[in-house]
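Listed below are the residues making up each chain.
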Amino acid sequence: MKESYFDYNATTPVNPRVVEVMIPYLKEHFHNPSSAYKGAKYTKKAIEEAREKIAKFISANPKEIIFTGGGSEADNHAIKGTAFALQNKGRHIITSAIEHHAVLHTCQFLEKIGFEVTYLPVDKYGLVNPETLKETIREDTILVTIMMANNEIGTIEPIKELVRVAHEKGVLFHTDAVQAVGKIPVNVKELGVDMLSLSAHKFYGPKGVGALYIRRGIKIHPLIHGGGQERRKRAGTENVAGIVGAGKAAEIAMEEMEEEERKIRPLRDRLERELIKRIPEVIVNGHPEKRLYNTLNICVKYIEGEGMLALLDFNGISVSSGSACTSGSLEPSHVLLAIGLPHEIAHGSLRFSFGKYNTEEDVDKVIEVLPGIVEKLRAMSPFWREKHGH
Ligand SMILES: *Cc1c(COP(=O)(O)O)cnc(C)c1O
């Protein structure tokens, strides 16, 4: 059975054009970029070319890009690096209640070692209010970290306005743009952010490679100590093939992003329309407009996401229930709770996230099988029977 994959927000397959440019750096061009002979200069140059591509992609200067081992590391570096560098100035950090765990759990760790964190609430669409941020900033606030686009519901935050508020009070701003980069235009100059995280495997690059943009002049501590790589900000022999792949993936995304939106948005919209039409009592989560064009998060009342996920999987359809990191646990998604959904509804969530290789046939298949799956599960649901008197 051919897989219908709808989990591009979790990860993407590596584009074959990316694989192709990576292979020589696993084979003949294996040299350690820190060494002094010709082969090493070649790999060093490849890294710098990739850095230029990533920089261009987000309108940064190559000197402002450091490569990391992925999005989680970039988030950790930005947040801990700022906390450790500025702890004598203040120990208060502001984030939102709907961040990825790479941000939330980093903040929770910092709370354990003496920092104070405020988790800003969001409205029913998942938006952070710049006015609320303004009221929350204190004398001892050193960092605001708010994501650009939410991985579960797709809501796109008003980063530019939030940055303006933080900067008015002289506070640094980091954004986890892992879910935005590669899908929508991201321009660090226009946003005004001081730091920004991205990850290659969310835009058809390899896993385990990301980057942190650090605006020129911003001084934060390194996260990984050791050799002098990455301007002494991130020690360790570089993941050369991965970095080259990330650069290529950025170059391709720059060329193809617009065309991809034109292809993907109608597929997502059709699935949304048809599911609402065919399944009673379905809620669409996230902002109606300020939302990633590839993301559809729904709650199907009276049943659990896990059950639907398993039966969809049986039919060759790969989706996610809640976020990948919370699946397997019984707690419903913190994002859905934060937008105000009660536990029992949040449990019934499914996330479809579309990408490059989705087709009309994939959508047809979901429309064909999901209503039947819901009907079957609801027939077994005590909540549904109670409500509908069977
Ligand atoms: C995937 C993701 C991350 C983590 O990135 P990794 O490269 O998997 O470590 C962080 N933030 C968001 C919003 C994500 O979607």
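Residues numbered from 1 in each chain as written. Predicted model: local features only at pLDDT ≥ 70, side-chain atom pairs only at ≥ 80, totals over all residues. Heavy atoms only, no water.

Caption draft 1: Molecular detail of the site of the ligand. Taken together, 13 residues form the shell around the ligand, and within it S72, D176, Q179, S199 and K202 come nearest. Of all the elements, helix α3 (residues 71-86) adds the most residues to the shell around the ligand, at three residues. Residues that form the shell around the ligand fall into these classes: two nonpolar, eight polar and three charged. (Near = heavy atom within 4 Å. Helix = DSSP H or I, 4+ residues; strand = E, 2+ residues; numbered from the N terminus. Nonpolar A, V, L, I, M, F, W, Y, C, P; charged D, E, K, R; others polar.)

Caption draft 2: Quick peek at the side chain of R51. The topology assignment puts R51 in helix α2 (residues 38-57). Dropping the residues within four chain positions of it, R51 is found in contact with P62, I65, I66, F67 and E230. (Contact = heavy atoms within 4.5 Å.)

Caption draft 3: Broad picture of the sheet that holds strand β12 (residues 349-353). The strand order β9-β10-β12 describes an open sheet built from three strands, whose pairing is antiparallel. A strand with exactly one partner marks an edge of an open sheet, and here the two such strands are β9 (282-285) and β12. Between one strand axis and the next, the sheet turns by 25° as a mean value, whatever way the strands run. As paired elements, β9 and strand β10 (residues 295-300) share four bridges and run antiparallel to each other. Looking at the pairing, V282 lines up with V300 of β10. (Pairing = 2+ DSSP bridges. Axes fitted to C-alpha atoms, helices over the stretch in contact; angles between N-to-C directions.)

Caption draft 4: Seen up close, the nonpolar core. With 96 residues, the main nonpolar core has I58, L196, F352 and L370 as its most contacted residues. By residue number, the principal contributor to this core is helix α9 (residues 240-278), which donates 14 residues. Each of domain 1 (4-10 + 257-388) and domain 2 (16-253) gives at least three residues to this core. In this view, L370 contacts L275, I279, M308, L312, L350 and F352; residues no more than four positions away in its chain are not counted. Within the second largest apolar cluster, 20 residues are counted, among which are A78, I93, C107 and I214. (Core = buried A, V, L, I, M, F, W, Y, C linked by side-chain atoms within 4.5 Å. Buried < 20%, exposed > 50% of the residue type's maximum accessible area, 1.4 Å probe, protein only. Domains from an automatic or database assignment.)

Caption draft 5: Fine view of the sheet that holds strand β7 (residues 195-199). Read from one edge to the other, the open sheet built from seven strands follows the order β2-β8-β7-β6-β5-β3-β4, with strand pairing classed as mixed. In this open sheet, the two strands that pair with only one neighbour each are β2 (65-68) and β4 (116-120). Neighbour to neighbour, the strand axes of the sheet diverge by 20° on average, direction disregarded. One ladder, built from five bridges, connects β7 with strand β8 (residues 210-214); its direction is antiparallel. Bridge pairing links M195 to I214 in β8.

Caption draft 6: Structural detail: the side chain of N9. For N9, the position within the fold is in the loop between β1 (4-5) and α1 (16-22). By relative accessible area, which is 2% here, N9 ends up buried. In this structure the side chain of N9 is engaged in a polar contact, spanning 3.1 Å, whose partner is the side chain of T295. Discounting residues that sit within four places of it in the chain, N9 has contacts with N151, Q179, K183, K202, N294, T295, R351 and S353. (Polar contact = N/O pair within 3.5 Å; in protein donor to acceptor, adjacent residues only side chain to side chain.)

Caption draft 7: A look at the pattern of salt bridges. Per the stated rule, a full pass over the model turns up 26 salt bridges. For E272, the salt bridge is made with R291, and the minimal N-O distance between the two is 3.0 Å. Linking E272 in helix α9 with R291 in the loop between β9 and β10, this pair joins segments that are 19 residues apart in sequence. Comparing E272 with R291, the two get one shared label, buried. Because the salt bridges share partners, they merge into one network encompassing R17, E255, E256, E260 and K356. (Salt bridge = Lys/Arg side-chain N within 4 Å of Asp/Glu carboxyl O.)

Caption draft 8: Examining the packing of α2 against α9 more closely. Two elements in contact, α2 and α9, have axes separated by 8 Å at closest approach and are oriented at 30°. The orientation of α2 with respect to α9, classified from their angle, is roughly parallel. Between α2 and α9 the crossing geometry is left-handed. Between α2, through T43, A46, I47, A50, K53, I54, K56 and F57, and α9, the contact on the second element is made entirely by V240, I243, V244, A246, G247, K248, A250, E251, A253, M254 and M257. (Parallel < 35°, antiparallel > 145°, perpendicular 65-115°, else oblique. Left-handed = near helix turned anticlockwise from the far one by under 90°.)

Caption draft 9: Main features of the domain arrangement of the protein chain. Per the domain assignment, the segments making up the protein chain are domain 1 (4-10 + 257-388) and domain 2 (16-253). Measuring from the centre of the C-alpha atoms in domain 1 to the corresponding centre in domain 2 gives 29 Å. Opposite the 30 residues of domain 1 that make contact, domain 2 presents 32 residues. Taken over both partners, the interface formed by domain 1 and domain 2 buries close to 2500 Å², and the fraction arising from carbon and sulfur atoms is 61%. When residues of domain 1 are sorted by the area they lose upon contact with domain 2, M257, L292 and H334 head the list and together hold 26% of the total. Here domain 1 and domain 2 share zero salt bridges between them. Looking at the side of domain 1 that touches domain 2, the elements that each hand over two or more residues are α9, β10 and α11 (334-338). The element that contributes the greatest number of residues to the side of domain 1 that touches domain 2 is α11, accounting for four residues. Taken together, the residues of the side of domain 1 that touches domain 2 sort by class into twelve nonpolar, 13 polar and five charged. (Buried area = accessible area lost by both parts, 1.4 Å probe.)

Caption draft 10: Layout of helix α4 (residues 101-112). The end-to-end C-alpha distance of α4 is 16 Å, a good match for the 16 Å that twelve residues give at a rise of 1.5 Å each. Here α4 has its buried residues at H101, A102, V103, L104, T106, C107 and L110. Looking at the buried positions of α4, the neighbouring elements they touch are α3, β3 (92-96), β4, β5 (141-145), β6 (172-176) and α11. Positive phi shows up at G114, right after α4, with a value of about 105°. (Expected span 1.5 Å × (residues − 1).)

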